[in-house]
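# Remarks on the overall topology
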Amino acid sequence: MSDKQTQSKEAEICQYSIVVPVYNEDDSLGPLLAEILQVMTGLDKSFEVIFVNDGSTDDSLPTMKVFQQRSPDIIKIVDLPERGGQTNALRKGLDATRGAIAITLDADLQNDPADIPKLLKKMEEGDYDCVCGWRKNRQDTALKAGLSKFGNILQRMFSDLKIHDVSCTLRAYRRRCIADVPLHWEGQHRFIPLGLSLQGYKIGEVVSNHRYRQYGQSKYTHGRIFRVMTDFFKVLETKGKA
Ligand code: UDP
Ligand code: MG
C-alpha cells in the first residue's frame, strides 16, 4: 500500500462527507439541511455534513452554529474569517472530510440532495473516482445556460473528457482522489473534472435535477465568462494539451 493509500485509510472514519461552501446563504441553509438529512439518513450509513463559511456577512454562521449545537456528531463548520472564493472554500471543506466518499453541492438549493444516491450508485457501478451531476434541464437565465452549453462543447472538443456538464458542483469523489482535486487558484473549481481526468482519474456523470435559486443571489455576474474561457485554456496549456 502506498503512503497516500495508507493516509487515505486512516482518514476514513465515516462513509460519506457532504461539503457545502457558503457565502451569504442564510435563508437556504435550513431547507437545505433538512433535505440533506432526509436523503442521508435513508442511506443508513455514517455521514458528516461540513459547512464552509466563506466569510459570510449575513447570519449564515450563527445559523450553522445552531445546527451544530443540535447535531454535534454530524455537523461540522469550517469557518473562514474572510471571503476567499468558492475554489478556496471547496479546498478547505474537502481537506476537512473524513469520509470514504466526499460529496459537494451548493448551498443555494439549486442542486438537489435527492440526487446523491444516484451519484453513489453510478460510482459503484463503474468504479469511478469522481461522478458529476449533469444539469440537463438547467434552471438559470437563458444567457447563463447557453454560455455554459457552449463552454461544455468547447471542453469536449479540446479534451478527451466527454461529459456534458463540467462545472456542475454536485459531485461525488472517492477518497483516493480528494488530495488531487485541483483547487489552487480562484475559478479552478470549474475545471475539476478536466483536471482530474488529465491526472488519469476516471470520471462519470448522471443526469441531475437543477432548480431556480429560491433565496439570495448568485455570487457571479456574466462578466466572469471571458475569465472562464482564458482559465480553460490555462488548464489545458499547463498539461501540454493546447
Ligand atoms: N460561494 C462561496 N464563496 C464565494 C462565492 C460563492 O462560498 O465567493 C458559494 C455560494 O454560497 C454557493 C456556491 O458557492 O453555495 C455557488 O455560488 P452561486 O450559487 O452564487 O454560483 P452560481 O450557481 O450562480 O454559479
Ligand atoms: Mg447557484
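Residues numbered from 1 in each chain as written. Chains lettered and ligands numbered in written order. Predicted model: local features only at pLDDT ≥ 70, side-chain atom pairs only at ≥ 80, totals over all residues. Heavy atoms only, no water.

### A few points about the coordination of the magnesium ion (ligand 2)
For clarity, the cut-off: Atoms of type N, O and S within 2.8 Å of a metal are treated as its donors, and for Na, K and Ca the window is 3.2 Å; water is not considered, so some sites may appear to be missing partners. Remark: exposure states derive from per-residue accessible area (1.4 Å probe, protein chains only) relative to the maximum for the residue type, with buried under 20%, exposed over 50%, and partly exposed in between.
Coordination sphere of the magnesium ion (ligand 2), protein contribution only: Asp108 (OD) and Gln110 (OE1), at 2.0 to 2.3 Å. Exposure remark for Asp108: the relative accessible area of 5% places this residue in the buried category.

### Quick word on the pattern of salt bridges
Opposite charge on two side chains lets them pair, provided their charged atoms get close. As a reminder, the rule being used: Note on definitions: salt bridges are taken to be side-chain nitrogens of Lys or Arg within 4 Å of carboxyl oxygens of Asp or Glu. Strands are runs of DSSP state E lasting at least 2 residues, helices are runs of H or I lasting at least 4, and numbering of each runs from the N terminus.
Under the definition given, this model contains 16 salt bridges. Ionic pairing is found between Glu48 and Lys76, a salt bridge with its closest N-O pair at 3.3 Å. Of this pair, Glu48 sits in strand 2 (residues 47–54) while Lys76 is found in strand 3 (residues 75–80), placing the two residues 28 residues apart along the sequence. Under the relative-accessibility criterion, Glu48 is labelled buried at 1%. Salt-bridge contacts for Arg211 lead to Asp112; the nearest nitrogen and oxygen are separated by 3.8 Å. One end of the pair, Arg211, is in the loop between strand 7 (203–207) and helix 9 (224–238); the other, Asp112, is in the loop between strand 4 (99–104) and helix 5 (116–126), and 99 residues separate them in sequence. Ionic contacts of the salt-bridge type, sharing partners, join the residues Glu124, Asp127, Asp129, Arg174 and Arg176 into one network.

### Focus: the side chain of Thr97
The criterion, for reference: Contact between two residues is taken to exist if any of their heavy atoms lie within 4.5 Å; hydrogens are not considered.
On the secondary structure map, Thr97 appears in the loop between helix 4 (86–95) and strand 4. Here Thr97 is in contact with Ser17, Val19, Glu48, Ile50, Ala102, Arg175 and Ile178, once residues within four sequence places are set aside.

### Looking at helix 6 (residues 142–158)
Formally: One fewer than the residue count of a helix, multiplied by 1.5 Å, yields its expected span. The arc in question is the one traced by the directions running from the helix axis out to the C-beta atoms.
For helix 6, which comprises 17 residues, the first-to-last C-alpha distance of 24 Å matches the rise-based estimate of 24 Å (1.5 Å per residue) to within 8%. Those residues of helix 6 that fall on the buried side of the exposure criterion are Lys144, Ser148, Asn152, Leu154 and Gln155. The buried residues of helix 6 all sit within an arc of 160 degrees when viewed along its axis, so they share a single face. Every exposed residue of helix 6 that faces more than 90 degrees away from the buried side is listed here: Ala142, Lys149 and Met157.

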